[in-house]
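Examination of the molecular architecture
Spelled out from the first residue to the last, the chains are:
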Amino acid sequence: LWNLYGDHYYLDFYTANLSMDEFAMVRPTMSKSGNIFSFDVANYNPLWLYVAQAGGWMYPIWAASTALPLYVGLRDAGWWYSTVPCVLMVYGLCVIGGSLHSAFAFLTVLPGVYHQDSSGIDKWEKLVASPAFASFLDTSQSRICQHIMVGCLPGYLAVNLASAWIAYAVATK
């Protein structure tokens, strides 16, 4: 459920803070309230963002709990048909989860910095108002979105290879 909460929070944050004109670019105006959560400055509570970002630690537990029943069922098939594909499955699920959650976490940090109420912090106001910061924000947002799939690719390949390996083991052993 924590992961589901995080995913809903990220999607709602995305629709409230990012522009639909360009893929994943921060909206130049102050953020608006989301459909589920409130992101406007008056009601914004960063605790909910931190809770959503912290959910990534559960991926190793989820991956192990997914592979353990497979391992128990395949244990009699031998080491190459039980241990190796299950370890590969755990690796792939952890890589995919870690890559996606870290990318989504960074995608929510940058708009939060841009739209944060910085009254009373002179250096912060100057930094956020500078054209260099807007350029940095646009570049970093676009780079994160461009490379999400590259970060997931080793995990995606590992999970597919492990799934095919496990299917072969079940069919032949």
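What you see is a predicted model, and the numbers here were worked out from it, not measured in a lab.

Conventions we followed
- Residues numbered from 1 in each chain as written.
- Predicted model: local features only at pLDDT ≥ 70, side-chain atom pairs only at ≥ 80, totals over all residues.
- Heavy atoms only, no water.
- Helix = DSSP H or I, 4+ residues; strand = E, 2+ residues; numbered from the N terminus.
- Buried < 20%, exposed > 50% of the residue type's maximum accessible area, 1.4 Å probe, protein only.
- Contact = heavy atoms within 4.5 Å.
- Areas by Shrake-Rupley, 256 points an atom, 1.4 Å probe, with all protein chains shown as cover.
- Phe/Tyr/Trp six-rings, centres within 6.5 Å; stacked < 30°, edge-to-face > 60°.

**Topic: the overall build of the chain**
Along the backbone of the chain there are six helices and two strands. Listing each helix as α and each strand as β along the chain from the N terminus yields α-β-β-α-α-α-α-α. Counting all 173 residues of the chain, 34% fall into the buried class. The contacts in the chain between residues at least 6 apart in sequence include a share of 71% that link residues at least 24 apart. With an accessible surface of roughly 10200 Å², the chain has 68% of that area assigned to carbon and sulfur atoms.

**Remarks on the packing of aromatic side chains**
Taken as a whole and assessed by the stated rule, the structure comprises three aromatic pairs. With a centroid separation of 4.9 Å and an interplanar angle of 85°, the aromatic rings of W79 and W80 are classed as edge-to-face. On the numbers, 6.1 Å between centres and 35° between planes, the contact of Y81 with Y168 is tilted. You can see Y81 sitting in helix α4 (residues 79-115) and its partner Y168 sitting in helix α6 (residues 131-172), a full 87 residues away along the chain.

**Quick look at the side chain of S82**
Secondary-structure assignment places S82 in helix α4. Note on S82: relative accessible area 2%, which makes it buried. Those residues in contact with S82 that lie beyond four places of it in its chain are Y71, L74 and R75.

Remember that the coordinates give geometry; whether it matters functionally is a separate question.
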